[in-house]
Amino acid sequence: MTEATETAPETEPTPIETARASLLDAALIHVTFDGWSPAAWKAAVAESGVDPSLAAEACPRGALDLAVAFHKAGDARMVAAMGDADLEAMRYSERVAFGVRARLEAATRDREAVRRGATLFSLPHMAPEGSRLIWGTADAIWTTLGDTSNDLNWYTKRAILSGVYSSTLLFWLGDDTDGFQATWAFLDRRIDDVMRIEKVKGQIRKNPIGRAMMDLQDRAFSFVKAPGTGPRTDLPGYSGQP
């Protein structure tokens, strides 16, 4: 494990976290049939053994908060898989692809719940929540890979990878090939596209005029993002996500 992929020591889950995990475990079988719905939430509370008042505290928005918790649990399993992998033995593009693949493999057992989540977060009023979750997945991949960019690249890397992950996820949901081989081939093509974009950006930076334009963009974004700290949180209207 490299220094970039080391994680902090695990801490004991709080009662709220334990309750949320129990509710999620109880909900998954019902989500398969009812989606992330009030019916699935009601069944989860009834079958989990979690006190209703604690359940309401753990998930104030009911099934929506369970859907969010389900996505974040998948992100955590992805980060763990990346931490266990020998990333140093891979080419850079392979590391990125491994992260996306690890994220999908973390959800293979509950693919129908993922499908139901994709349906939920495609609704217009739920789209901002879904976008934040996908951004969080992309950010977790880059952070685990040790990304240290502190300029416009911080945003573009995550925005591009969010698109790669989203398109690969949709392909995966419809893939019935053995071992999802068609999905992994699709993912490789998308990663190749990203690498070509990075190559073009590198060529632009070699040109004095192009380098000056990109440096100007970086300086503009330095107002939004303090170097080495992730996105700035002291700006008016900051909502926790770029």
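Up top is the structure these notes are about.
Criteria and thresholds
Residues numbered from 1 in each chain as written. Predicted model: local features only at pLDDT ≥ 70, side-chain atom pairs only at ≥ 80, totals over all residues. Heavy atoms only, no water. Helix = DSSP H or I, 4+ residues; strand = E, 2+ residues; numbered from the N terminus. Buried < 20%, exposed > 50% of the residue type's maximum accessible area, 1.4 Å probe, protein only. Contact = heavy atoms within 4.5 Å. Areas by Shrake-Rupley, 256 points an atom, 1.4 Å probe, with all protein chains shown as cover. Phe/Tyr/Trp six-rings, centres within 6.5 Å; stacked < 30°, edge-to-face > 60°. Lys NZ or Arg CZ within 6 Å of the ring centre and 35° of its normal. Polar contact = N/O pair within 3.5 Å; in protein donor to acceptor, adjacent residues only side chain to side chain. Core = buried A, V, L, I, M, F, W, Y, C linked by side-chain atoms within 4.5 Å. 1 Å grid on protein atoms, 1.4 Å probe; cavity = no way out; pocket = protein on both sides within 12 Å on 5 of 7 lines; lining within 4 Å. Points joined across faces, edges and corners; volume = space filled by probe spheres on them. Nonpolar A, V, L, I, M, F, W, Y, C, P; charged D, E, K, R; others polar. Axes fitted to C-alpha atoms, helices over the stretch in contact; angles between N-to-C directions. Parallel < 35°, antiparallel > 145°, perpendicular 65-115°, else oblique.

> Which parts of the structure should I look at to understand the overall build of the protein chain?
The helix and strand tally for the protein chain stands at 10 helices and 0 strands. When its helices and strands are written in sequence order, the protein chain yields α-α-α-α-α-α-α-α-α-α. Expressed as a percentage of its 242 residues, the buried residues of the protein chain come to 41%. Within the protein chain, counting contacts between residues at least 6 apart in sequence, those at least 24 apart form 64% of the total. When the accessible surface of the protein chain is summed, it comes to about 13300 Å², and 58% of that surface belongs to carbon and sulfur atoms.

> How should the packing of aromatic side chains be read in this particular structure?
Given two aromatic rings, their pairing is described by the distance between the two centres and the angle made by the two planes. Taken as a whole and assessed by the stated rule, the structure comprises 8 aromatic pairs. An angle of 75 degrees between the planes, with centres 6.4 Å apart, marks the rings of F180 and W184 as edge-to-face. A single burial state applies to F180 and to W184, both of which are buried. By the ring-pair criterion, three or more aromatic residues cluster together here, those being W135, W154 and Y155. Sitting over the ring of W172, R111 keeps its end group 5.5 Å from the ring centre.

> What am I meant to see in the environment of D193 here?
Structurally, the position occupied by D193 is in helix α9 (residues 181-206). The spatial distance from the C-alpha of D193 to the C-alpha of V164 is 9.5 Å, given a sequence separation of 29 residues. Reaching out from D193, the side chain makes a polar contact with the side chain of R190 at a distance of 3.1 Å.

> What should I look at first to understand the nonpolar core in this one?
Note that soluble globular proteins tend to have their nonpolar side chains buried in a common cluster. In terms of nonpolar packing, the biggest core is built from 54 residues, with L23, W36, W41, L66, F121, L161 and W172 touching the most fellow members. Looking at this core, the element that brings in the most residues is helix α4 (residues 63-84), giving 8 residues. With residues up to four places along the chain from it excluded, the contact list for W41 reads L23, A55, C59, G62, A63 and L66.

> Explanation requested: the layout of surface pockets in the structure shown.
Empty space left among the atoms is revealed by rolling a probe the size of a water molecule over them. Volume-wise, the largest pocket comes out at about 630 Å³. Lining the largest pocket are 12 residues, with E17, K72, A73, A76 and R77 sitting closest to its centre. Going through the elements one at a time, α1 (15-34) and α4 are the ones with two or more residues in the lining of the largest pocket. If you tally residues by element for the lining of the largest pocket, the top one is α4, at 6 residues. The residue makeup of the lining of the largest pocket, split by class, is 6 nonpolar, no polar and 6 charged. Quantified by volume, the second largest pocket comes out at close to 380 Å³.

> Is there a simple way to think about the packing of α4 against helix α7 (residues 127-144) in this case?
Between two packed helices, the angle of one axis relative to the other and the distance separating the axes together describe the packing. Where α4 contacts α7, the two axes come as close as 10 Å, and the packing angle between them is 10 degrees. Considered as vectors, α4 and α7 are oriented roughly parallel to each other. Taken together, the residues of α7 that come into contact with α4 (itself represented by V68, H71, K72, D75, M78, V79 and M82) are E129, L133, I134, G136, T137, A140, I141 and T144. Looking at the contact of α4 with α7 residue by residue, the class counts come to 8 nonpolar, 4 polar and 3 charged.

> It is not clear to me how the environment of L145 should be interpreted in this structure. Could you clarify?
Here L145 shows up in the loop between α7 and α8 (152-173). You can call L145 buried: its relative accessible area is 14%. Considering only alpha carbons, one finds L145 and V96, 49 residues apart in sequence, at a separation of 7.9 Å.

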